[in-house]
Amino acid sequence: MGILFFFILLISLGLSTSNQCSIGGASADFINIFDTSRGVIFSRTTNNLQGIASYAFSQQLNYGPYFSLTLVDSHFTIETTDAFEYYEENETLLSVAITATFSCLNGPSEFLMLIITITDTNNNAPQFLPSDEFTYTVPTPFPAGLAITGCFDGITVRDIDLTTQRIDFEIEENPYFEIVYDEKSSTTKREFVGILRSTTFIRTLLEPITLKITATDVDLTGDPPLTAVATVTFKGETTFTLPEDPVFSHPFYFANYTMDHQVILLEPISLQSGFHKLVNFTLHGDFSDNFELVVTGDQVTIQNRIPLETYILRETQIILVIRADREETTGDRATIILQLPEGISLQFEQSNYRGTIKNNILQIAVLSLLQGYEGEVVNTEVLGEHSQFFTTIE
Ligand SMILES: [Ca+2]
Ligand SMILES: [Ca+2]
């Protein structure tokens, strides 16, 4: 349940049984305590010691003293001081050494060394610095995979436990951002830096987004991990916002083409988003030159510019494509299905022609076609009971 924190006190007593000056036991010792230990951590019965002449702690300590040494009524005792409450706050050493010099009732001074090893427990939760609320401005458009927090402005978490190895960061599920532990930036002891990165290209952030982030400690104590929670708010920098992509309200539009060359859309063409006066609508397709677009407000209609030729009208339908484009957008396209009128059939000007035969010559009016002959090769044929006696001349 923790990491040992060695605190060795070696007493070089130079004991001589002749002068009977000793602290009892070995001249060097190891003491194992927990970071949560308080009070007496070492006690020995001594013989003929007059007092503690001096003592010193490891020179690498920042503050202290964290332990007090006393010799009362032949009892040598070491106990924690009030400062030990803040040992993990101020120190990083996993063990501390004490050397002490004792004066004897008879004879020369004696020496002692003790090494205290402290077992770390996970008694400190991670803490976001300087507070648990962060705000970042995202200069949109922002590319994917770059740090929102920049090189020197990561999210710092402090966990003062002696054996904390790193911090596992997590962020609330969202489509834009992730957070990862950045070992390179974590150069201060006990402080761990997380960086926020974009996971996708961010075109705009119209509204601020606030997400929960967590920091969970990873240490060598074997104790359950502790987690701290903070919030981070992302605000878009609107001065560089890209225009919104135009998007048609439907992928397909249907229209009828009438015999008198009118185009009747079943519903007007419009954008469901991204409408702006700078959006440019264009028509594409094999017969796009026959038509033109008319933009009125946020609606687009289509009208005939050059009548479709007859041979085209024999088709059932033709396909046109309309595009909506604007600079710095990807644009959009929709398909217009233009239903053509029924095929135009051949029709004579008259349904009946009457002629006479005089001197074996047929006298009859010219047989003219009323419709359906434009651009077509028309074949004629004479049918009937005496058809073998007649033929047509174009
Ligand atoms: Ca901790
Ligand atoms: Ca601890």
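Residue numbers restart at each chain and count upward from 1, following the sequence in its written direction. Numbering of ligands from 1 and lettering of chains from A proceed in the order in which they are written. Totals for whole chains, interfaces and linings use all residues, but because this is a predicted model, local features are given only for residues with pLDDT of at least 70 and pairs of side-chain atoms are given and counted only at 80 or more.

The protein chain is annotated in an unreviewed UniProt entry as Cadherin-like protein of Arctia plantaginis.

1. Comments concerning the sheet that holds strand 15 (residues 209-218)
Paired through backbone hydrogen bonds, the strands of a sheet run either parallel or antiparallel to each other. Just so we agree on the cut-off: Whether two strands pair comes down to DSSP finding at least two bridges between them. Helix and strand labels come from DSSP, where a helix needs a run of H or I of at least four residues and a strand needs a run of E of at least two; each type is numbered from the N terminus. Here an axis means a line fitted to C-alpha atoms, over the contact stretch when the element is a helix, while the angle between two N-to-C directions is reported on a 0 to 180 degree scale.
Read across the sheet, 4 strands follow the order 10-16-15-12 without closing on themselves; strand pairing throughout is mixed. Here the strands that pair on one side only, and so sit at the sheet edges, are strand 10 (133-138) and strand 12 (166-171). Strand-to-strand, the axes of this sheet are offset by a mean angle of 30 degrees, without reference to chain direction. Here strand 10 pairs with strand 16 (residues 227-236) via 6 bridges, running parallel. Its bridge partner lying in strand 16, V138 is registered against G236.

2. What to know about the pairing of strand 20 (residues 269-273)
By the bridge criterion, 2 bridges tie strand 17 (residues 247-248) to strand 20 in an arrangement that is antiparallel. Its bridge partner being in strand 20, V247 is matched across the sheet by S273. Across 2 bridges, the pairing between strand 20 and strand 23 (residues 299-304) is antiparallel. Counted as the bridge partner of S270 is Q299 from strand 23.

3. Observations concerning the environment of P130
Just so we agree on the cut-off: Neighbour density around each residue's C-beta defines its exposure: 20 or more other C-beta atoms within 10 Å make it buried, 12 or fewer make it exposed, and counts between make it partly exposed, where C-beta atoms are placed from the backbone.
Take P130: it is sitting in the loop between strand 9 (127-129) and strand 10. P130 sits in the exposed class, given 8 other C-beta atoms within 10 Å. Separated by 28 residues in sequence, P130 and R158 have C-alpha atoms that sit 9.7 Å apart.

4. A closer look at the pairing of strand 11 (residues 155-158)
By the alternation rule, side chains of strand 11 split into I155 and V157, which are all buried, and T156 and R158, of which none is buried. Looking at chain direction, strand 9 and strand 11 are connected through 3 bridges and run antiparallel. By the bridge assignment, Q127 is partnered in strand 11 with R158. Here 4 bridges tie strand 11 to strand 14 (residues 191-198), and the two strands are oriented antiparallel to one another. When the sheet's bridge partners are listed, V157 is paired in strand 14 with F192.

5. Some details on the environment of A324
The cut-off we apply is this: Any residue pair is listed as a contact if its two C-beta atoms, each placed from the backbone, are within 7 Å.
Turning to its location among the elements, A324 is positioned in strand 24 (residues 317-325). Along the primary structure A324 and D245 are separated by 79 residues, whereas in three dimensions their C-alpha atoms are 9.3 Å apart. Those residues in contact with A324 that sit more than four places away from it in its chain are P246, F248, L271, V279, F281, G331 and D332.

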